[in-house]
Amino acid sequence: ITSSDPLKELDASTIGDYTFVVNKTKTVEMDSELYTNPYPASALIFVRQGDYVTDYKITINGAEKAAYTTTDQPTSTKTNGIATELKDKLTTNLGTGWTITQKNSTILIEKNNGADFTILATDSNADYNLYAYYKEANSLQTLPVVAPNGYILKIVGEQVAVEDDYYVRFETTDGSNFGSGTWIECSAPDIPYKLDASTMPHGLVREANGTFTFKQLDWTPRGAGDEKTAPSPSFIGNTIQEVFTHKGRLAFIAADKSCYSDTQDIFSFFKKTTQTELDTDPIDVTSNSKMVDLKHSLAFNEELLLFSPTTEFTLRGGDVFSNSTVAISLAMNYECSSNCKPVNSGNTAFFLFENGEYSKMMEVYVTSTYNLDAREITEQCPSYLPKNIYKIASSTANNIACLLSTEHRDTIYCYNYYYNSEQKAQSAW
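In short, a report on the structure. (Residues numbered from 1 in each chain as written. Predicted model: local features only at pLDDT ≥ 70, side-chain atom pairs only at ≥ 80, totals over all residues. Heavy atoms only, no water.)

1. Details of the sheet that holds strand β22 (residues 303-307)
Then, in step 1: If you walk across this open sheet you meet the four strands as β21-β22-β23-β24, and the pairing is antiparallel. A single partner strand is all that each edge strand has here, and the edge strands are β21 (296-300) and β24 (327-332). Each neighbouring strand pair of the sheet contributes to a mean axis angle of 30 degrees, computed without reference to strand direction.
Then, in step 2: Inspection of the sheet shows β22 paired to strand β23 (residues 312-316) by four bridges, in the antiparallel sense. Paired with Phe307 across the two strands is Glu312, which belongs to β23. (Pairing = 2+ DSSP bridges. Helix = DSSP H or I, 4+ residues; strand = E, 2+ residues; numbered from the N terminus. Axes fitted to C-alpha atoms, helices over the stretch in contact; angles between N-to-C directions.)

Written as structure tokens, this is what we have:
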């Protein structure tokens with residue numbers, strides 16, 4: 001929060017026990033830490049089925065390194081027995097430089113120097129009995145239920161469609177290094193997966209004992225996919241200009257985009273899964289009418305208004321605010337101050353812009369055709385409000401709006417108004 005001009009460069013928003021503080025000059029970045037693959041140069045061999053008088057072969061780097069043929073005896077068809085035979089032959093034929101580990105019907109092959117290699121598993125039952133997995137697999141259904149803890153594979157799905165590719169990580173049930181467990185979706189290995197908390201908004205947190213702690217926050221890391229299937233939020237590489245909430249989501253404005261968190265986790269701006277579109281997924285919206293830098297947000301008339309220095313947009317989301325329902329459209333073309341946040345005032349709202357040495361104030365209202373428009377309420381006194389106004393406070397109970405300027409720090413500028421039904425009967429500065 002070090003700043004030479006905190007009035008313009010810092011913004012804060014209080015949500016429950018958290019006050020989010022953002023430095024508008026700080027570029028948000030991804031943490032340099034990469035998602036770790038604990039088995040980068042390794043392959044899994046899975047004996048999925050044992051049959052009578054069937055050949056099982058493993059070829060590594062183009063050369064056959066293990067082979068076993070079952071007999072007509074039932075004991076020779078046990079999958080763990082076949083795995084043991086293959087493991088023993090691999091250990092003998094591969095020699096030093098390799099680590100071979102077996103658990104039940106699964107064999108883990110690791111290249112000690114981390115070099116890439118090729119592997120092929122075949123059998124005489126149409127390759128239905130023996131599988132080898134090196135970095136990727138065609139189907140989740142054929143993967144073993146016994147594997148090393150943390151082992152990562154890419155499920156390629158349809159070869160022609162990158163969008164249906166995803167990554168899974170094996171988690172053992174008991175936390176052991178090699179055992180029974182399940183495959184769960186995860187981030188792609190060897191890519192940044194965390195937000196750099198030092199560049200993100202910080203939190204002034206009210207603790208249970210009534211004290212306050214100012215700290216970096218724990219933002220939820222990427223839980224699935226890569227930059228194609230689950231891209232990083234668009235505020236990465238930009239400066240966040242405002243923090244607010246909308247329909248149960250934590251939201252940021254950055255450049256020409258507004259970003260909204262997961263509804264079930266306001267600290268998450270990554271998709272939980274790449275396999276389906278969820279209504280709870282984070283939302284990333286771009287101001288599509290023209291390239292602008294958004295500065296402010298304002299909930300108004302059951303919509304969300306987004307203000308740039310020259311343009312105003314409305315953001316709608318239907319009954320359920322999600323990626324499938326969100327829509328942004330141009331609402332108005334009025335100048336707006338980058339340093340003074342608009343405010344609500346009952347059925348209207350106020351914003352202003354600078355005009356040379358003075359400021360002009362606009363009032364947003366709903367027209368008879370249910371569109372939004374704005375009118376100037378300083379046209380009778382164009383030289384009254386000074387420049388550099390940084391705060392508007394409104395009270396609907398007293399029908400008054402008060403403004404503060406750095407030009408005259410000992411002065412409060414007041415706008416008093418009275419509505420009769422929906423018509424403004426009186427107003428005065």
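Having seen it, we continue.
2. What to know about the environment of Lys271
Then, in step 1: Take Lys271: it is sitting in the loop between β19 (257-260) and β20 (283-286).
Then, in step 2: Separated by 53 residues in the primary sequence, Lys271 and Asp218 have C-alpha atoms spaced 17 Å apart.
Then, in step 3: The contact partners of Lys271, leaving out residues within four places of it in the chain, are Gly223, Ala224, Thr229, Ala230, Thr276, Glu277, Asp281 and Pro282.
Then, in step 4: Reaching out from Lys271, the side chain makes a polar contact with the side chain of Glu277 at a distance of 3.0 Å. (Contact = heavy atoms within 4.5 Å. Polar contact = N/O pair within 3.5 Å; in protein donor to acceptor, adjacent residues only side chain to side chain.)

3. Re the nonpolar core
Then, in step 1: Formed by 22 residues in total, the largest nonpolar core has its most connected members in Ile58, Ile60, Leu86, Leu90, Ile109 and Ile119.
Then, in step 2: Counting only elements with at least two residues in this core, the list comes to β3 (42-47), β4 (55-60), β5 (63-69), α2 (79-94), β6 (98-103), β7 (106-111) and β8 (119-123).
Then, in step 3: A total of five residues in this core trace back to one element, the largest contributor, which is α2.
Then, in step 4: Among residues more than four places away in sequence, those in contact with Ile109 are Ala41, Ser42, Ala43, Ile45, Ile60, Leu90, Leu94, Trp98, Thr99, Ile100, Phe117 and Ile119.
Then, in step 5: Core analysis: the second largest hydrophobic core is formed by 20 residues, Phe20, Val28, Ala254 and Phe269 among them. (Core = buried A, V, L, I, M, F, W, Y, C linked by side-chain atoms within 4.5 Å. Buried < 20%, exposed > 50% of the residue type's maximum accessible area, 1.4 Å probe, protein only.)

4. Regarding the packing of aromatic side chains
Then, in step 1: Going through the model one piece at a time under the given rule, you end up with 25 aromatic pairs.
Then, in step 2: Measuring from ring centre to ring centre gives 5.1 Å for Trp98 and Phe117, while their planes differ by 75 degrees; the resulting arrangement is edge-to-face. Of the two residues, Trp98 sits in strand β6 while Phe117 sits in the loop between β7 and β8, which places them 19 residues apart along the sequence.
Then, in step 3: For Trp98, a relative accessible area of 14% gives the class buried.
Then, in step 4: Each residue in the set Tyr18, Phe20, Trp219, Phe235, Phe252, Phe267 and Phe269 is aromatic and connected to the rest through ring pairs, giving one cluster.
Then, in step 5: The cationic tip of Arg375 hangs over the ring face of Tyr365; the distance from NZ or CZ to the ring centre is 4.2 Å. (Phe/Tyr/Trp six-rings, centres within 6.5 Å; stacked < 30°, edge-to-face > 60°. Lys NZ or Arg CZ within 6 Å of the ring centre and 35° of its normal.)

5. Side note on the sheet that holds β6
Then, in step 1: Strand order across the open sheet formed by four strands is β6-β7-β3-β9, with antiparallel pairing between neighbours. Each edge of the open sheet carries a strand with a single partner, namely β6 and β9 (130-133). Neighbour-to-neighbour, the strand axes of the sheet open up by a mean angle of 15 degrees, direction not taken into account.
Then, in step 2: Alignment of β3 against β9, held across four bridges, turns out to be antiparallel. Bridge pairing in β9 links Val47 to Leu130.
Then, in step 3: Strands β3, β6, β7 and β9 of the sheet are contacted by α2, whose axis makes an angle of about 170 degrees with β6.

6. A look at the pairing of β21
Then, in step 1: Within β21, four of the five residues are buried, which leaves it mostly tucked inside the rest of the structure.
Then, in step 2: In this sheet, β22 lies alongside β21 in antiparallel orientation, the contact comprising five bridges. Bridge pairing in β22 places Phe300 opposite Glu303.
Then, in step 3: Hairpin connection between β21 and β22: a loop of two residues separates the two successive antiparallel strands, and Asn301 in this loop has a positive phi of roughly 55 degrees.

7. Some words on α2
Then, in step 1: Its 16 residues give α2 an end-to-end C-alpha distance of 22 Å, which sits within 8% of 22 Å, the value for a rise of 1.5 Å per residue.
Then, in step 2: If you check which residues of α2 are buried, you get Ile82, Ala83, Leu86, Leu90 and Leu94. Along the axis of α2, the buried residues cluster in a sector spanning 100 degrees; they form a single face.
Then, in step 3: For α2, the elements touching its buried residues are β3, β4, β5, β6, β7 and β9.
Then, in step 4: Downstream of α2 by one or two residues, Gly95 has phi in the positive range, about 70 degrees. (Expected span 1.5 Å × (residues − 1). Arc of directions from axis to C-beta.)

8. Side note on the pairing of β23
Then, in step 1: Within β23, four of the five residues are buried, leaving the element largely enclosed by the surrounding structure.
Then, in step 2: Where β22 folds back on β23, the antiparallel hairpin that results is connected by four residues.
Then, in step 3: Note: β23 against β24, five bridges, orientation antiparallel. Among the inter-strand pairings, Arg316 is bridged to a residue of β24, identified as Ala327.

9. Examining the pattern of salt bridges
Then, in step 1: All chains considered together, the criterion is met by 14 salt bridges.
Then, in step 2: Lys341 is the partner of Glu242 in a salt bridge, and the nearest nitrogen-oxygen pair spans 3.1 Å. Taken together, the residues Glu242 in strand β17 (residues 240-246) and Lys341 in the loop between β24 and β25 (343-345) connect sequence positions 99 residues apart.
Then, in step 3: Judged by relative accessible area, which is 3%, Glu242 ranks as buried. (Salt bridge = Lys/Arg side-chain N within 4 Å of Asp/Glu carboxyl O.)

10. Quick word on unusual backbone geometry
Then, in step 1: We note that Val53 has phi near 45 degrees; this positive angle belongs to a residue other than glycine.
Then, in step 2: With respect to the helices, strands and loops of the structure, Val53 is situated in the loop between β3 and β4.
Then, in step 3: Non-glycine residue Asn104 carries a positive phi angle of around 55 degrees.
Then, in step 4: Structurally, Asn104 is set in the loop between β6 and β7.
Then, in step 5: With a relative accessible area of 45%, Asn104 lands in the partly exposed category.

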